[in-house]
Amino acid sequence: MKVKDLVNKGILDLSPYKPGKPIEDLERELGIRNAIKLASNENPLGPSPLAVDAVSEILKGTHRYPDGNALRLKECIGKKFSVDINCLTIGNGSNDIIEFIARSFLSDKDSAIYSEHAFAVYPLVIQAVGAEGIEVTAKEYSHDLEGMKQAVKENTKLIFIANPNNPTGTFLSPIEIESFLSDLDRNIIVLLDQAYFDYSSYNNEDINFDLIKKYPNLIISRSFSKAYGLAGFRIGYSVSSPEVADFLNRVRQPFNANSLALVAAEVALSDDSHLKKSLEINLEQKKFLMKSFKELGYECIPSEGNFISFNSNGEALNLFEALLNEGVIVRTLGVYKMPNHLRVTIGLPEENLILLDKLSAIS
Ligand SMILES: *Cc1c(COP(=O)(O)O)cnc(C)c1O
């Protein structure tokens, strides 16, 4: 038996997503205990302390299955953002949702469009279901929406837009998004991935979920992994028309979101002060880091996220390795076709100072 003759065509050449190096791995390798991870865009402040308390309260009940419909979390999201709970789909991280969408709408006869330098998971899920991925050249590191529209083919079923985008941090205004949607064929599903939306300078009044009423082909996804600080719990959601949500919920595993994550997300959503503090620190430190990178001679791509990608002046791998040896984990961007850039997550003030200190010593 040859497994490779049996495996689905799309899976055969699939290279798995490469996550940032875990802190524990680096600490073990270097024999140190104070490594700093600025590689996966996590919230450096940690989870909401209220969420942590709530989760510890329910640990004793974890012999029970979670609520497969995630009703309580859906009610919290629905109330907070004024959306009907039938529009919601809960994912084991928003990556789970990205996969539901690919599995629900794409087959080997279809194509899907995404931007160059956009989130690496899009081409992976497209390939995994055997569909054709169409990558559209970016415009100044941002999505070229006009180009993406022109790339639409007869068999195009799905378009991915990350806003803000990872790893470039670029942001499309609500007006640009809406103008793109308004003259796009309604038979093409658009995933607007807002994993970093909370960090952007726009807020929910500027782009609210009512857009899905006007555009039934639109799905908006959000994550609790970034600003809400719950990456380890794996929880995210999407807002779409009830009809789309119904299909996404059909491909969803019955207990995809675990009980601890459900409670953590509910409580995190109500902890406005932790979110506010997280966003404030991010904004202040972003300005500081941008200025400091510039002073060190590294040009940054302006970012609306909790990370900054900077041009390493041809030294990306050397800097990456040298920082690793100093106990600082950042991210190379070769898979994003940005081999000259490094991406750093905006950390706590003391972490950023260490990063800059090491960087200036190496540079
Ligand atoms: C981090 C990230 C996600 C999803 O993260 P989850 O942890 O699965 O919610 C989605 N989109 C982009 C662009 C991201 O960077």
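No experiment lies behind these values; they were computed from the predicted model shown.

Each value, and the rule that gives it
Residues numbered from 1 in each chain as written. Predicted model: local features only at pLDDT ≥ 70, side-chain atom pairs only at ≥ 80, totals over all residues. Heavy atoms only, no water. Helix = DSSP H or I, 4+ residues; strand = E, 2+ residues; numbered from the N terminus. Rg over C-alpha atoms; globule rule 2.2 N^0.38 Å. Buried < 20%, exposed > 50% of the residue type's maximum accessible area, 1.4 Å probe, protein only. Contact = heavy atoms within 4.5 Å. Pairing = 2+ DSSP bridges. Axes fitted to C-alpha atoms, helices over the stretch in contact; angles between N-to-C directions. Near = heavy atom within 4 Å. Polar contact = N/O pair within 3.5 Å; in protein donor to acceptor, adjacent residues only side chain to side chain. Nonpolar A, V, L, I, M, F, W, Y, C, P; charged D, E, K, R; others polar. Core = buried A, V, L, I, M, F, W, Y, C linked by side-chain atoms within 4.5 Å. Salt bridge = Lys/Arg side-chain N within 4 Å of Asp/Glu carboxyl O. Disulfide = S-S within 2.5 Å.

**Structural notes on the overall build of the protein**
- Regarding its fold elements, the protein presents 15 helices and twelve strands.
- Here the C-alpha atoms of the protein give a radius of gyration of 20 Å, agreeing with the 21 Å that 2.2 N^0.38 yields for 363 residues.
- Along the first, second and third principal axes, the C-alpha set of the protein runs to 55 × 55 × 50 Å.
- Among the 363 residues that make up the protein, the fraction classed as buried is 53%.
- Residue pairs in contact within the protein that sit at least 24 positions apart in sequence constitute 73% of those at least 6 positions apart.

**Observations concerning the sheet that holds strand β11 (residues 331-332)**
- With antiparallel pairing, the three strands of this open sheet are ordered in space as β9-β12-β11. Every other strand in the sheet has two partners, leaving β9 (307-311) and β11 as the edge strands with one partner each.
- Contacts from helix α13 (residues 272-295) reach β9 and β12 (341-345), with the element oriented near 10° to β9.
- Across the sheet, helix α14 (residues 316-325) touches β9, β11 and β12, and the angle it forms with β12 is around 35°.

**What to know about the site of the ligand**
- Close to the ligand lie G93, S94, N95, F119, N166, D193, A195, Y196, S223, S225, K226 and R234, which account for all nearby residues.
- The separation between an oxygen atom of the ligand and a polar side-chain atom of R234 is 2.7 Å.
- Along the lines of polarity and charge, the residues of the shell around the ligand split into three nonpolar, six polar and three charged.

**Description of unusual backbone geometry**
- Note that the residue after N163, namely P164, is joined by a cis bond; omega there is -5°.
- Secondary-structure assignment places P164 in the loop between β5 (156-162) and α9 (174-182).
- The linkage connecting N166 with the following residue, P167, adopts the cis geometry, with an omega of 15°.
- Backbone geometry at E140 places phi at a positive 45°, although glycine is not the residue there.
- Relative to the helices and strands, E140 is located in the loop between β4 (132-136) and α8 (145-150).
- Its relative accessible area of 72% is what places E140 among the exposed residues.

**Description of the nonpolar core**
- Ranked by internal contacts, the top residues of the largest apolar core, which has 54 residues, are I90, I159, I161, L218, F224, I235 and Y237.
- The next biggest cluster of nonpolar side chains, apart from the first, holds 29 residues, and it includes F105, A112, A131 and I301.

**Some words on the environment of K358**
- Secondary-structure assignment places K358 in helix α15 (residues 349-362).
- Distance from K358 to L319, taken between C-alpha atoms, is 9.8 Å for residues 39 residues apart in sequence.
- In this structure, K358 is in contact with L323, E326 and V328, ignoring residues within four places of it in sequence.

**Details of the sheet that holds strand β2 (residues 88-91)**
- Spatial ordering of the open sheet is given by β2-β8-β7-β6-β5-β3-β4, a layout of seven strands whose pairing is mixed. Strands with a single pairing partner mark the edges of an open sheet, and in this sheet they are β2 and β4. Averaged over all adjacent pairs, the angle separating strand axes in this sheet is 20°, with direction ignored.
- Pairing between β2 and strand β8 (residues 236-239): four bridges, direction antiparallel. Bridged to I90 within β8 is Y237.
- Its contacts with the sheet place helix α6 (residues 94-105) against β2, β5, β6 (189-193), β7 (218-223) and β8, and it is angled at close to 115° to β2.
- Sitting on the sheet, helix α7 (residues 121-128) is in contact with β3 (111-115), β4, β5 and β6, with an inclination near 160° to β5.

**Some points on the pattern of salt bridges**
- Throughout the structure, instances matching the rule amount to 16 salt bridges.
- A salt bridge links K157 to D110; the shortest N-O distance between them is 3.0 Å. Here K157 is found in strand β5, whereas its partner D110 is found in the loop between α6 and β3, with 47 residues between them in sequence.
- You can call D110 buried: its relative accessible area is 9%.

**Quick look at the state of the cysteines**
- Throughout the structure, instances matching the rule amount to zero disulfides.
- Between C87, a free cysteine, and C76, which holds the nearest cysteine sulfur, the sulfur-to-sulfur gap is 16 Å.

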